[in-house]
Amino acid sequence: MNEPDRRALVLFSGGQDSTTCLAWALARYGRVETIGFDYGQRHAAELACRIALRRRLAEQRPDWAPRLGDDHLLTVDVLGQLGASAMTDDIAIAMQADGLPNTFVPGRNLLFFTLAAALAYRRGLDVLVGGMSQTDYSGYPDCRDNTLKALQVALSLGIDRPLTLETPLMWLDKAGTWALAHRLGGDALVELIRTDTHTCYLNRRDTLRAWGYGCGECPACTLRARGHREWMTV
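Residues numbered from 1 in each chain as written. Predicted model: local features only at pLDDT ≥ 70, side-chain atom pairs only at ≥ 80, totals over all residues. Heavy atoms only, no water.

(A) Expanded view of the side chain of Thr-34. As for its placement among the helices and strands, Thr-34 is situated in strand 2 (residues 29-38). A relative accessible area of 0% means that Thr-34 is categorised as buried. There is a polar contact of 2.9 Å between the side chain of Thr-34 and the side chain of Arg-54. Apart from residues lying up to four places away in sequence, Thr-34 is in contact with Leu-9, Val-10, Phe-12, Leu-22, Arg-50, Arg-54, Asp-70, Asp-71 and His-72. (Helix = DSSP H or I, 4+ residues; strand = E, 2+ residues; numbered from the N terminus. Buried < 20%, exposed > 50% of the residue type's maximum accessible area, 1.4 Å probe, protein only. Polar contact = N/O pair within 3.5 Å; in protein donor to acceptor, adjacent residues only side chain to side chain. Contact = heavy atoms within 4.5 Å.)

(B) Seen up close, the environment of Asp-38. Among the structural elements, Asp-38 can be located in strand 2. With residues up to four places along the chain from it excluded, the contact list for Asp-38 reads Leu-47, Leu-73, Leu-74, Thr-75, Val-76 and Asp-77.

(C) Local environment of the packing of helix 1 (residues 16-26) against helix 2 (residues 45-60). The interhelical angle for the contact between helix 1 and helix 2, taken along N-to-C directions, is 40°, at an axis separation of 11 Å. Between helix 1 and helix 2, the crossing angle belongs to the class labelled oblique. Helix 1 and helix 2 meet at a crossing whose hand is right-handed. Judged by residue contacts, Thr-19, Leu-22 and Leu-26 of helix 1 engage Leu-53, Arg-54 and Leu-57 from helix 2. Partitioned by chemical class, the residues of the contact of helix 1 with helix 2 number four nonpolar, one polar and one charged. (Axes fitted to C-alpha atoms, helices over the stretch in contact; angles between N-to-C directions. Parallel < 35°, antiparallel > 145°, perpendicular 65-115°, else oblique. Left-handed = near helix turned anticlockwise from the far one by under 90°. Nonpolar A, V, L, I, M, F, W, Y, C, P; charged D, E, K, R; others polar.)

(D) Looking closely at the side chain of Arg-54. Mapping Arg-54 onto the fold places it in helix 2. Look at Arg-54: it is buried, it has no salt bridge, and the nearest opposite charge is Asp-71 at 4.6 Å. The contacts of Arg-54, once residues within four sequence positions are left out, are Phe-12, Leu-22, Thr-34, Leu-68, Gly-69, Asp-70 and Asp-71. (Lys, Arg positive; Asp, Glu negative; His and termini not counted. Salt bridge = Lys/Arg side-chain N within 4 Å of Asp/Glu carboxyl O.)

Given below as structure tokens:
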């Protein structure tokens, strides 16, 4: 569905999911801005990917280029001050006693969407787009659909302006995410995601694999590789 009168802000990390969501938003809305967050993440390579990805998306799809608006990068290193996690500190990835992986950064997505809502208020944007998924994810509670539905209500009340939180990947597994990218931009977009995005938690970009760069062993690489393999065999 095309909604040319609506203006969106995409939470854009430079990873596979957020790049797919950016393409989804550009195909749908009349104006799309992006926001990224530097929170001291170990996989800082994703931040270095963002500007080139935006440029190459606009080059691949001239019809999307006029819709792509400003980019915003915020520093939110306060998350690292709240306690250590494998996402922000040089510690081994493992499961915690509460059943969650220690890559979970408590409140991260809640904070990101809150900051995005504040920026959307300033910029006159009414849709926030995030790449969260409840179908094929690492168990993070702030990726769940009910969490984000509740957050949409709270943020809309908090700025006294209706906001829509869109999560186009919520009910897709990683194979479905690869398939969505192909539907949106064909082989060119899939190849861009394979070569220019970054997902690996360990920040490895020395080996290009069938599914992209990464260590091939961390949870993010495992999900991405499995999804690509399943999509390719459909």
